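# Understanding the architecture of this molecule
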Amino acid sequence: MKSIGIIPLYDDDKESYWMLPGYMKMLEERGAAPLMLPLSSDKRVLDWFLNICGGLLFTGGHDVSPELYHAERSANCGMCCPARDEEEAYILKECVKRDKPVLGICRGIQFMNACFGGTLYQDLPSEYDSAVEHHMTPPYDRTAHYVDIKRGMLRGIIGADRIGVNSYHHQAVRGLSPRFREAARSEDGLIEAIYMPDKKFILGVQWHPEFSYKTDENSRKIITAFVNAVSDSN
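Residues numbered from 1 in each chain as written. Predicted model: local features only at pLDDT ≥ 70, side-chain atom pairs only at ≥ 80, totals over all residues. Heavy atoms only, no water.

Right, let's talk about the overall build of the chain for a bit. Looking only at helices and strands, the chain features eight helices and 13 strands. A globule of 234 residues ought to have a C-alpha radius of gyration of about 17 Å, and the chain, at 16 Å, matches this closely. Here the C-alpha coordinates of the chain stretch approximately 50 × 40 × 35 Å along the principal axes. Buried positions account for 54% of the 234 residues belonging to the chain. Put simply, 68% of the contacts in the chain that link residues at least 6 apart link residues at least 24 apart. Counting only carbon and sulfur atoms, one obtains 48% of the accessible surface of the chain, whose full area is about 10,200 Å². If the 27 positive side-chain charges of the chain are averaged to one point and the 33 negative ones to another, these points end up 7 Å apart. (Helix = DSSP H or I, 4+ residues; strand = E, 2+ residues; numbered from the N terminus. Rg over C-alpha atoms; globule rule 2.2 N^0.38 Å. Buried < 20%, exposed > 50% of the residue type's maximum accessible area, 1.4 Å probe, protein only. Contact = heavy atoms within 4.5 Å. Areas by Shrake-Rupley, 256 points an atom, 1.4 Å probe, with all protein chains shown as cover. Lys, Arg positive; Asp, Glu negative; His and termini not counted. Charge placed at Lys NZ, Arg CZ, Asp CG, Glu CD.)

Set out below in structure tokens:
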């Protein structure tokens with residue numbers, strides 16, 4: 001069985017971990033066993049998960065702390081979670097070092113980029129002039145806008161150069177990390193997917209396959225490719 005670790009969502013008001021079922025169900029339907037991590041800075045705990053999980057899924061959630069990419073905090077930046085930033089930085093760098101598959105979704109792509117020297121728009125409505133809907137209303141399994149798929153890893157997975165995606169975010173990649181290559185760009189020019197060309201599977205997407213995998217074949221293709229890249233656990 002292929003085991004995949006999932007970064008936990010955190011409720012600040014309730015001081016509790018939680019998870020959207022779509023993250024787990026989309027992996028289960030592709031034959032993987034999802035494991036939600038604790039929110040921890042204990043490297044012994046994190047190493048245990050890294051050792052037993054064949055891949056890691058970086059979920060959505062809090063805004064990425066601007067301190068991570070050496071920027072002054074904007075008044076429109078949302079709530080951050082320094083403990084999550086710390087945990088994800090360790091896990092992501094270890095995954096890259098070990099060439100362990102990673103899929104980042106929404107905050108996931110943003111964190112991946114910032115962790116390796118890229119920058120972010122802290123708030124699109126106030127920092128990026130666009131008529132494209134990046135913060136859609138329910139239902140979330142429909143197309144909000146289109147993205148152009150660049151040559152490379154994602155094009156090979158999708159098999160198309162333009163697809164419709166859902167969209168629910170207010171932050172986004174601004175300056176691309178030198179460790180990543182652009183994989184997709186939205187109609188209004190925002191980078192919407194990135195990947196590491198020298199690794200087996202390090203991919204981030206700005207849209208939400210956990211909301212659309214039941215109705216969208218392209219979402220299923222991404223999840224299938226991720227699971228296929230994951231090695232069977234011992």
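Take the nonpolar core next. Residues Leu-27, Leu-57, Leu-154, Leu-203 and Trp-207 are the most contacted members of the largest nonpolar core, which totals 36 residues. If one sorts the elements of this core by residue count, helix 8 (residues 217-229) sits on top with six residues. Not counting residues within four places of it along the chain, the set of residues in contact with Leu-57 comprises Ile-4, Gly-5, Ile-6, Ile-7, Tyr-23, Met-26, Leu-27, Leu-103, Ile-105 and Phe-226. Membership of the second largest hydrophobic core comes to 30 residues, among which are Ile-7, Cys-53, Ile-91 and Leu-120. (Core = buried A, V, L, I, M, F, W, Y, C linked by side-chain atoms within 4.5 Å.)

Let us now look at the pattern of salt bridges. For the structure shown, the criterion picks out twelve salt bridges. Note that Glu-94 and Arg-98 form a salt bridge whose closest N and O atoms lie 3.2 Å from each other. Within this pair, Glu-94 and its partner Arg-98 are both found in helix 3 (residues 82-98), separated by four residues, close to a single helical turn. For Glu-94, a relative accessible area of 11% puts it in the buried group. The network of salt bridges with common partners includes Asp-47, Glu-94, Lys-97 and Arg-98. (Salt bridge = Lys/Arg side-chain N within 4 Å of Asp/Glu carboxyl O.)

To continue, consider the side chain of His-134. Looking at the secondary structure, you find His-134 in the loop between helix 5 (124-127) and strand 8 (145-149). A residue is classified by how much of its surface remains accessible, and His-134, at 7% relative accessible area, is buried. Here the side chain of His-134 touches Asp-188 through a polar contact of 2.8 Å, side chain to side chain. (Polar contact = N/O pair within 3.5 Å; in protein donor to acceptor, adjacent residues only side chain to side chain.)

Relative to each other, helix 2 (residues 43-52) and helix 3 sit at 40°, their axes nearing to 11 Å. Regarding the angle of helix 2 to helix 3, the classification is oblique. In this structure, helix 2 crosses over helix 3, and the sense of that crossing is right-handed. Here helix 2 contributes Lys-43, Leu-46, Asp-47, Leu-50 and Asn-51 to the contact with helix 3, which in turn contributes Glu-87, Tyr-90, Ile-91, Glu-94, Cys-95 and Arg-98. Considering only residue class, the contact of helix 2 with helix 3 consists of five nonpolar, one polar and five charged. (Axes fitted to C-alpha atoms, helices over the stretch in contact; angles between N-to-C directions. Parallel < 35°, antiparallel > 145°, perpendicular 65-115°, else oblique. Left-handed = near helix turned anticlockwise from the far one by under 90°. Nonpolar A, V, L, I, M, F, W, Y, C, P; charged D, E, K, R; others polar.)

By volume, the largest pocket is sized at about 400 Å³. In terms of lining residues, the largest pocket is bounded by 20 residues, among which Gly-60, Gly-61, His-62, Cys-106 and Tyr-168 are the most central. Looking at the lining of the largest pocket, the elements that each hand over two or more residues are strand 2 (9-11), helix 4 (107-115) and helix 7 (209-212). Per-class residue counts for the lining of the largest pocket are eight nonpolar, nine polar and three charged. (1 Å grid on protein atoms, 1.4 Å probe; cavity = no way out; pocket = protein on both sides within 12 Å on 5 of 7 lines; lining within 4 Å. Points joined across faces, edges and corners; volume = space filled by probe spheres on them.)

The values are spatial; any link to function lies outside them.
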